[in-house]
Structure formats: structure tokens, C-alpha cells
Amino acid sequence: MTGSRFSDRAATILVPLVFGAVFLGVWEWLVRAFDIKQFLLPSPSSIYTAVGDNWGRIWNGVEVTGGNAVYGLVVGSILAVFASLIASRWGWFSDIVTPIASGMVAVPIVSLAPVFNIWFGSTDPFSRRLVVIVVVFFPVFFNVTKGLTQVDAVHVELMRSQAASQWSVIRRVRIPNALPFLMSALRLASSLAIISAIVAEYFGGTQGSLGQLITQSAGLSRYDTAWAAVLGASAVGIAMFVAVAALEWVAMPWRRQSTGH
Amino acid sequence: MNRRIIDGALRIVPAAVAIVGLCGLYEGYRRMGIATDDQWPVIGGDLPVKTNAITMPALSDIVARFFEPQQRRSGTTVLEAVLQGSWYTLRISLAGFVMGALIGMALAIVMLRSKLLEKGILPWIIVSQTIPLLALAPVIVTWGNRIELVDWQPWMSVSLIATYLTFFPVAVNGLRGLQSPPNHSIELMDSYAATRRQTLLKVRLPGAVPFLVPALKLAAAASIIGSIVGEISIGLSGGVGRLILAYAQQAQTDPPKMYCAIIGAGLLGLLFTSAVGSLERLMPGSRHRSEMSL
């Protein structure tokens, strides 16, 4: 029993690694065998070299852009969770905000970047952070509100029959029910955060950001450097994703068992 | 039937209140700032956003700007330019959306076939979404001039970005949906000696519909966002995304115009997403679902 569980867990880690290695190998081989030009697709090895050559600039970009993304993710999620708590408590608030939230999920919010640049000045990083905050806010709000309101009626009635206060219903029934919704929203939001942080940089602003490094390198035909910068952005995205997974592991201990599925 | 119309009308009321509220908030803030010279009333201190004609044009000016010519000596109004741009962006997004949905579904069916493939591919599909391909847009556009095999058009680069953002929700939700039918249904098909294809078409695909519709809605929104952002980063002209950038560069002299393009982009996203959402009614097994939805 324990043996099979161990090999299960090993397989969940090993199989993707093997697939990834094969993928990289095929990529490298294709680029070499068919002499694919660098502008089309640089080989993994040349991207790796470019990461080493431009380490300082990429790291600087990761700090600037990743900083904006993390700031926006944290602030946006906290604001969204507060708004959801209010929405689950007062129906009229949720009636008004929920249609905005479901609509805003379909709206390209990054297009607000030029507005924020004019409002706060394009040199102020807050202009770009606010884009991330708004992008993160709506999916988190939408999901968490769903989790807080779609609770088992039996649970709420049981609490009522025990003369539980509103607050204790929220704490003991609604919040535990909403946690999985929050976690899946955060996973989605973490990739949205890094993407919108970079795209906001295309509208001008800071020097030394990843977005700038990518456009500049592409403009100078340094495609391996552009890809290396994208790799830096991916590293930020993956780091945030892993952080969310770690949070999930800490916040929802009852879920740990089911990782094998 | 009547009830449904009344229900629908009632559902619009909060949305209308929300929109009126947002407009009121914007206009109220603007007028307060003008009245108090950019200070908070009573408590004092600077307002976070200065209120002047450049930072916050009046709502009435934004609405009026739609019906005025784009440039001083231009024949087209801003409204026409925004509509044309949105139509162009919609077609690019649609191409990306269809491609992405097909690729996503194909991946879901491949992963359904083998547990090993699922274990090997699914984590990478999830990781793929943390890779901001959008960031590669400036690189992808250079393919245009240099691929000789196919006649690569710049708009295809934008569609490709939309495809990349689209396939993910379809693949992940599609797989979950294909796996959703209970074991006894699959076993029943096995006992009829049904082929894999028959089980797929008759049991698994209908079972996947309730999972696919929300995924397709997400994908629709993502495809519009992808093409708008793609247009901006690539510099492809003709679409509404590029219009936002072009108008943003003229924002110092003609502020309301930028807002017109942004409003157009927002409405485009909303309309395409709700159009895809309404596909739900056409699909088999939809009755069950629409009873469940809010």
C-alpha cells in the first residue's frame, strides 16, 4: 500500500519531467537538424547561453516587473476577498457588484493602462501596479463570492439551530467552503498578474523592465535575448504559481490526501 | 415564456444600476475635484487623481466625441473607426478562438486516451499558462517577412497569441468533462461492445458539455484580450487594440478619444463572450444545465 503510494507520487513528478526533457531534446534537435533560423525559434541551448550573458539585465527586469506583479496580486486579492465578504453579507451589494465583476472578466482590462499612465504619471510604478490590481481583483472576487454563497443549506440551518451568530456562520461554514474557490482563483490570477504586468509596460514607462528588454531585444534582432527575458518572466509566473500551491497546502490540510488523483 | 422575459428584465436592473453607479462615481469625483481644486472636502489633502480636462474628460465630452470626426479633416467619425476596428479584432479573435478550441479539445481527447500522456502533458499545459507568450509578440511578428513556406500575414501572429490563450481552459475543462460520465455508463457501453469512438461520441462528449460551455466563455474572453494585447505589442494596425494605443498617444491634445476606443474594446469583449455563452442553449443536454445556473 505505502509502496504503491510512493511510486504514484514519484510518477506524478517524474513523468512530467521526462516529457519536458524529451520536449527540450526534440526542440534542440529540430533547430539543429533543420537549421531553423534564430528569428523563428532559437534553440534551448542558445537561450540558455543568452540567460547567462544577460543575467544582470534579466534579474533587474525580474525585480521590476515581478515586483509589480506580486504587489498587484497581493493587493488585488486582499481587496477582492474583503469585497466578497461584504457581498456575501449584504445581498444588495452583491446584486450590484456581481454583474460588474462577471462583465469585467470579459473585458480587456490592460487597455486601461494608458488611462492609469495619464492619471498617476507613466514613470510612477503604481500606474502599472494598478493595472495588475484591477486584473486580479475580478476573477478572485467572482470566485470567492461564489464560494461564500454556494454553501450547503443544511450546514447553515444547523448553525442557525444552534443559535450561531452571523459571524460564526461566516467563519465556520462560509470561509472553509470558499477556500478551494479562492485557491483556484489565485492560481488563475497569478498567471494573469505577470502577463498584465508585462503588457502594461508596452504602453511606456519604466526603464529596465522585462517588457522593455523584450521589445528592445526584438527590435535589435537579439531574439535569443528576447526569449531569455521571456524565460525570466516565466520563472516569475512559475514562482507565484508554486507559492499559491504552497499556500493551498498550508491553508487546506484536509485536501493534502487527494493529491494522488 | 412571459416569466422568462420578466426574469431577464429583472436581471438587467442590477447591471444597469452598476453602470449608472460607475458613471456617477466618475462624474461625481471629477466635479468634486474641480469644485475643491483637487483637495478632499472637509479633511483636506490632495486627491489621488488630478481632475482636469486631460486626466478626466467629462462623460458628456466622451459620448459626444463618438460622433465627431476622428481627425480635423477626416471623413470618418470616431464611432465608425471604433466599430471598424472592433470588427477587425473580432475576426482575428474568432480565428484564434476556433483554432484554440480545436487544439484544446484534441489535447483533451489525447489525454483521455492514456493515463501516461495525461500525467506527462497536463502539468505542462498548466505551466504553459504561466509563460507569457504575449511577451513574445514582438518576436512572433518578425516571422511575417521571413517565412517563405506559407504566406504568413501579420494578423496570423495575433491570432496565434489568441489561440495560445484559448486552448488552455478548453483542454483542462474538456478533459474533466470527458472524464465526468460515471463508470457504470462507460461499462454499459463496453458491455455493448461499443468502440472507443462510439463511447466518446455518445457518452463522453455529451457529458462534457456542461464543463465546456464555461470553458468556452473563458476562452472567448481570453481570445479578445489576446488579440487586443497582441495588436498593441505587435503594432498591427486596423484593430481596436491599435486604436487604443494610437489614441493614447494623442491623449494630451484630445483626451476623450482614448476613452471611446477603450469603451469599444470593453463592449467587444462583453458581446463576444455572451454570444459564445448563448451557444449553451443550442447544445444537447442544455436544459439540465440552465436549470442549475443562477
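Values in this document were obtained by computation on a predicted structure and should not be read as measured data.

## So, the overall build of chain B
No. 1: From N to C terminus, chain B includes 12 helices and 0 strands.
No. 2: Beginning at the N terminus, the succession of helices and strands in chain B can be written as α-α-α-α-α-α-α-α-α-α-α-α.
No. 3: Counting only residues that meet the buried cut, chain B has 39% of its 294 residues in that class.
No. 4: Contacts in chain B between residues at least 24 apart in sequence constitute 70% of all its contacts with a sequence separation of at least 6.

## A word on the overall build of chain A
No. 1: Each helix and strand counted, chain A has 10 helices and 0 strands in total.
No. 2: Secondary structure elements in chain A, listed N-terminal to C-terminal, are α-α-α-α-α-α-α-α-α-α.
No. 3: Dimensions of chain A, computed from the C-alpha atoms along their principal axes, are close to 75 × 60 × 25 Å.
No. 4: The buried share among the 261 residues of chain A stands at 42%.
No. 5: Taking the contacts inside chain A whose residues are at least 6 apart along the sequence as the reference set, 76% of them involve residues at least 24 apart.

## Let's talk about the interface of chain B and chain A
No. 1: At the junction of the two partners, chain B supplies 44 residues and chain A supplies 43 residues.
No. 2: Mapped by element, the contributors of at least two residues to the side of chain B that touches chain A are helix H1 (2–36), helix H4 (115–128), helix H5 (137–140), helix H6 (143–146), helix H9 (196–234), helix H10 (240–249) and helix H11 (255–277) of chain B.
No. 3: Looking at the side of chain B that touches chain A residue by residue, the classes come out as 32 nonpolar, 10 polar and 2 charged.

## A closer look at the nonpolar core
No. 1: Grouped together as the largest cluster of nonpolar side chains are 134 residues, with contacts concentrated most on Val-131, Val-136, Val-140 and Ala-193 of chain A together with Ile-244 and Ala-261 of chain B.
No. 2: For this core, the element with the most residues is H9 of chain B, which contributes 17 residues.
No. 3: Leaving out residues up to four positions away in the same chain, Val-131 of chain A has contacts with Ile-109, Val-110, Leu-112, Ala-113, Phe-116, Ser-196 and Ala-200 of chain A.

## Quick word on the domain arrangement of chain B
Residues and elements named next belong to chain B.
No. 1: Taken domain by domain, chain B comprises domain 1 (1–56) and domain 2 (58–292).
No. 2: Every contact between the two is made by 6 residues of domain 1 and, on the other side, 4 residues of domain 2.
No. 3: For the side of domain 1 that touches domain 2, the residue count by class is 4 nonpolar, no polar and 2 charged.

## Concerning unusual backbone geometry
No. 1: For Ala-163 of chain A, which is not glycine, the phi torsion reads 60 degrees and is therefore positive.
No. 2: Counting through the fold element by element, Ala-163 of chain A comes out in the loop between helix H7 (153–161) and helix H8 (166–201).
No. 3: Even without a glycine there, the phi angle at Ala-193 of chain B is positive, about 60 degrees.
No. 4: The exposure class assigned to Ala-193 of chain B is exposed, which follows from the 7 C-beta atoms found within 10 Å.

## Quick look at the confidence of the model for chain A
No. 1: Averaged over chain A, the pLDDT score is 82; the fraction of residues at 70 or greater is 93%.
No. 2: Taking the mean pLDDT of every element in chain A, the minimum, 76, falls on helix H1 (residues 2–33) of chain A and the maximum, 90, on helix H3 (residues 55–89) of chain A.

## So, the packing of H9 of chain B against H11 of chain B
All names here are of chain B.
No. 1: Between H9 and H11, the shortest axis-to-axis distance is 8 Å and the interhelical angle comes to 150 degrees. As judged from the angle between their axes, H9 and H11 are roughly antiparallel. The handedness of the crossing between H9 and H11 is right-handed. Of the residues in H11, those touching H9 at Leu-216, Lys-217, Ala-220, Ala-221, Ile-224, Ile-225 and Ile-228 are Ala-265, Leu-268, Gly-269, Phe-272, Thr-273, Val-276 and Gly-277.
No. 2: Taken together, the residues of the contact of H9 with H11 sort by class into 10 nonpolar, 3 polar and 1 charged.

## Notes on H4 of chain B
Turn by turn, an α-helix covers 3.6 residues, leaving residues three or four places apart pointing in a common direction.
No. 1: Over its 14 residues, H4 of chain B extends 20 Å from the first C-alpha to the last, a length consistent with the 20 Å expected when each residue adds 1.5 Å.
No. 2: Of all the bends in H4 of chain B, the greatest, near 25 degrees, is centred on Ile-121 of chain B, and the proline Pro-123 of chain B appears no more than four residues after it.

## Things to note about the environment of Met-159 of chain A
Residue and element names in this part refer to chain A.
No. 1: With respect to the helices and strands, Met-159 occurs in helix H7.
No. 2: By C-beta crowding, Met-159 is classed as partly exposed, having 19 other C-beta atoms within 10 Å.
No. 3: The contact partners of Met-159, leaving out residues within four places of it in the chain, are Ala-164, Ser-168, Val-169, Arg-172 and Val-173.

## As for the packing of helix H6 (residues 125–149) of chain A against H8 of chain A
Residues and elements named next belong to chain A.
No. 1: One way to put it is that H6 packs onto H8 with a least axis distance of 8 Å and a crossing angle of 160 degrees. Comparing the axis directions of H6 and H8 gives the class roughly antiparallel. Considering only the axes of H6 and H8, their crossing is right-handed.
No. 2: Taken together, the residues of the contact of H6 with H8 break down into 20 nonpolar, 5 polar and 4 charged.

## Quick look at the environment of Pro-41 of chain B
Residue and element names in this part refer to chain B.
No. 1: Mapped onto the fold, Pro-41 is located in the loop between H1 and helix H2 (59–65).
No. 2: Sequence spacing of Pro-41 and Val-127 is 86 residues, and the spatial spacing of their C-alpha atoms is 49 Å.
No. 3: The contacts of Pro-41, once residues within four sequence positions are left out, are Met-32 and Thr-36.

## Details of the environment of Gln-207 of chain A
No. 1: The topology assignment puts Gln-207 of chain A in the loop between H8 and helix H9 (210–219).
No. 2: The spacing of Gln-207 of chain A and Val-64 of chain A is 143 residues in sequence and 9.0 Å in space, taken between C-alpha atoms.

## Notes on the confidence of the model for chain B
All names here are of chain B.
No. 1: Averaged over chain B, the pLDDT score is 80; the fraction of residues at 70 or greater is 85%.
No. 2: In this model, residues 286–294 is a region of pLDDT below 50 whose contacts with residues beyond four sequence positions or in other chains number 5 contacts.
No. 3: For this predicted complex, the interface confidence score (ipTM) comes to 0.75, while the overall pTM stands at 0.80.

Definitions and cut-offs
Residues numbered from 1 in each chain as written. Chains lettered and ligands numbered in written order. Predicted model: local features only at pLDDT ≥ 70, side-chain atom pairs only at ≥ 80, totals over all residues. Helix = DSSP H or I, 4+ residues; strand = E, 2+ residues; numbered from the N terminus. Buried ≥ 20, exposed ≤ 12 C-beta atoms within 10 Å, placed from the backbone. Contact = placed C-beta atoms within 7 Å. Nonpolar A, V, L, I, M, F, W, Y, C, P; charged D, E, K, R; others polar. Core = buried A, V, L, I, M, F, W, Y, C linked by C-beta atoms within 7 Å. Domains from an automatic or database assignment. pLDDT = per-residue confidence, 0-100. Axes fitted to C-alpha atoms, helices over the stretch in contact; angles between N-to-C directions. Parallel < 35°, antiparallel > 145°, perpendicular 65-115°, else oblique. Left-handed = near helix turned anticlockwise from the far one by under 90°. Expected span 1.5 Å × (residues − 1). Bend = angle between axes of the 7 residues up to and from the residue.

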